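Residues per chain, in single letters:
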Amino acid sequence: YRSLRSLIMRDGLTGLLNHTALKEQLAAEVAQAGRSGAPLALAMIDLDRFKSVNDTYGHPVGDQVLKTLSRLLRQRLRRGDIVGRYGGEEFAVIFPDTNAETARKVLDQVRLAFVKIEQHANQQIFTATFSAGVADLELAADVEEIIEAADNAMYVAKQKGRNCIELA
């Protein structure tokens, strides 16, 4: 049962939590933070101009970019931080016991490291970037509101030129 549940809850490409599992985990973390009064932040991350990566270099290269980011997130974040693939080229990170400003600073270090990674496609080398939005649980009454706040902040980052992180 545990092996099957693990397969069902994980994204097949990245090995991260999938959309459903991530939302379940977020609900549990929101409830825990509500009971304990601990801070909680959520980051929504979106790869910049990912469609052009797929169109220019092909989907296998796009998949490699997704795997690279997922690996970097697992390596650079704390063991207790919860990372998932929200869908397509979008990821989410739950930061328990962390306020949004601290989460933004940590994620900014990941962003700076990611842009330095050379991606290879045939004989070409390119780099990729991401934009993110971070929201505090203080701004939200429930799971859907914190997701919406982080998502809206991510769109602000996109509108400001991409490759940056905005607070809700």
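Residues numbered from 1 in each chain as written. Predicted model: local features only at pLDDT ≥ 70, side-chain atom pairs only at ≥ 80, totals over all residues. Heavy atoms only, no water.

This part covers the pairing of strand β1 (residues 40-47). In terms of residue burial, β1 counts as a mostly covered element, since eight of its eight residues are buried. Covered by surrounding structure in β1 are Leu40, Leu42, Met44 and Asp46 together with Ala41, Ala43, Ile45 and Leu47, the residues of both alternating faces. Pairing of β1 with strand β3 (residues 90-96), which is carried by seven bridges, proceeds in the antiparallel orientation. From the neighbouring strand, Ala43 faces β3, where its bridge partner is Val93. Of the pairings in the sheet, the one linking β1 to strand β6 (residues 130-136) comprises seven bridges and is antiparallel in character. Bridge pairing links Ala43 to Val134 in β6. (Buried < 20%, exposed > 50% of the residue type's maximum accessible area, 1.4 Å probe, protein only. Helix = DSSP H or I, 4+ residues; strand = E, 2+ residues; numbered from the N terminus. Pairing = 2+ DSSP bridges.)

A few words on the environment of Arg78. Structurally, Arg78 can be placed in the loop between α4 (59-76) and β2 (82-87). Considered as a pair, Arg78 and Val106 are 28 residues apart in the sequence and their alpha carbons are 9.8 Å apart. With residues up to four places along the chain from it excluded, the contact list for Arg78 reads Phe95, Pro96 and Thr98. Within the structure, Arg78 has its side chain in polar contact with the side chain of Thr98 (distance 2.7 Å). (Contact = heavy atoms within 4.5 Å. Polar contact = N/O pair within 3.5 Å; in protein donor to acceptor, adjacent residues only side chain to side chain.)

Its 17 residues give helix α5 (residues 100-116) an end-to-end C-alpha distance of 24 Å, which sits within 8% of 24 Å, the value for a rise of 1.5 Å per residue. By the burial criterion, the buried members of α5 are Ala100, Ala103, Leu107, Asp108, Val110, Arg111, Ala113 and Phe114. (Expected span 1.5 Å × (residues − 1).)

Its place among the elements puts Asp48 in the loop between β1 and α3 (50-57). Among the polar contacts listed, one links the side chain of Asp48 to the side chain of Ser131, at a separation of 2.6 Å. In this view, Asp48 contacts Thr129, Phe130, Ser131, Lys158, Arg162 and Asn163; residues no more than four positions away in its chain are not counted.

This part covers the pairing of β3. If a strand is regular, its side chains alternate between the two faces of the sheet. For β3, a buried count of seven out of seven residues is recorded, marking the element as mostly surrounded by other parts of the structure. Of the two faces of β3, both are covered, the one formed by Glu90, Ala92, Ile94 and Pro96 as well as the one formed by Phe91, Val93 and Phe95. Bridging between β2 and β3 involves five bridges; their strand directions are antiparallel. Bridge pairing in β3 places Gly87 opposite Glu90. Linking two consecutive strands that pair antiparallel, namely β2 and β3, is a turn of two residues; a positive phi of about 55° is found at Gly88 within it.

Although it is not a glycine, Asn122 sits at a positive phi angle of roughly 55°. Its location among the elements puts Asn122 in the loop between β4 (119-121) and β5 (124-126). Even without being a glycine, Asn163 presents a positive backbone phi close to 55°. Among the structural elements, Asn163 can be located in the loop between α6 (143-159) and β7 (165-167).

Sheets are built from strands paired through backbone hydrogen bonds, the pairs being either parallel or antiparallel. The five strands are arranged β2-β3-β1-β6-β7 in an open sheet whose pairing can be described as mixed. Strands at the two margins of the open sheet, each flanked by one partner only, are β2 and β7. For this sheet, the mean angle separating the axes of adjacent strands, direction not counted, is 20°. In this sheet, β7 lies alongside β6 in parallel orientation, the contact comprising three bridges. Across the sheet, the residue bridging to Gly133 is Glu166, located in β7. Those strands touched by α5 are β1, β3, β6 and β7, and its axis lies near 170° from that of β6. (Axes fitted to C-alpha atoms, helices over the stretch in contact; angles between N-to-C directions.)

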